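Each chain, letter by letter, is given below.
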Amino acid sequence: MNFVCKLNRELYKVVTEDIRTDEVIITDQQLKHIRERHPDISNSVMENLSDMIRNPDYIIDTDRPNTANILKRLEVNGKKYQLILRLKTDTDPADFKNSIITMMTVNEKRYLQYLRNRTILYKRE
């Protein structure tokens, strides 16, 4: 389990009011998944996980409960990224934390499609 950052609970209340911790982690298993399934994600991009969570461009609705779909354009290489963050609620086991599920590059067409077809819960001003 790797600590990523502290979560701004006020910002993520658009997903659920019931956020039980401000700690965000990523497991070694999820890091391995990202590196294997999304090899275009560089180490310099991975170093920006905390920035993506603390300063998202958009948080959009997902089909999964208590889950944030974060969209962010990073200055690292000008690409857009999607990060899936599962938020810990009172229905989860006590030892759970807010956890990064996956992260991937999103092309312009898909990025705009998300904004057009999904409910936008938060937009950075």
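As shown above, the structure is provided for reference.
Residues numbered from 1 in each chain as written. Predicted model: local features only at pLDDT ≥ 70, side-chain atom pairs only at ≥ 80, totals over all residues. Heavy atoms only, no water.

Visitor: Can you help me understand the sheet that holds strand β5 (residues 80–86) in this one?
Guide: Within a sheet, adjacent strands bond to each other through the backbone by hydrogen bonds, running parallel or antiparallel. With mixed pairing, the 7 strands of this open sheet are ordered in space as β1-β2-β6-β5-β4-β3-β7. One side of each edge strand has no neighbouring strand; the edge strands of this open sheet are β1 (2–6) and β7 (120–123). Strand-to-strand twist across the sheet, computed as the mean angle between neighbouring axes with direction ignored, equals 30°. Here 2 bridges tie strand β2 (residues 23–26) to strand β6 (residues 98–106), and the two strands are oriented parallel to one another. Looking across to β6, one finds that Ile 25 is bridged to Ser 99. With respect to the sheet, helix α2 (residues 28–37) is in contact with β1, β2 and β6, its orientation differing from that of β6 by roughly 5°. This element, helix α5 (residues 108–117), spans β3 (58–60), β4 (67–73), β5, β6 and β7 of the sheet and lies at about 130° to β4. (Pairing = 2+ DSSP bridges. Helix = DSSP H or I, 4+ residues; strand = E, 2+ residues; numbered from the N terminus. Axes fitted to C-alpha atoms, helices over the stretch in contact; angles between N-to-C directions. Contact = heavy atoms within 4.5 Å.)

Visitor: What am I meant to see in the packing of aromatic side chains here?
Guide: Given two aromatic rings, one states the distance between the centres and the angle between the planes to describe the pair. On inspection of all chains with the given rule, the structure shows 1 aromatic pair. Judged by centre distance (6.2 Å) and plane angle (75°), the ring pair of Tyr 58 and Tyr 111 falls under edge-to-face. Pair noted here: Tyr 58 is in strand β3 and Tyr 111 is in helix α5, with a separation of 53 residues, a long-range link. Overall, Tyr 111 belongs to the buried group, its relative accessible area being 5%. (Phe/Tyr/Trp six-rings, centres within 6.5 Å; stacked < 30°, edge-to-face > 60°. Buried < 20%, exposed > 50% of the residue type's maximum accessible area, 1.4 Å probe, protein only.)

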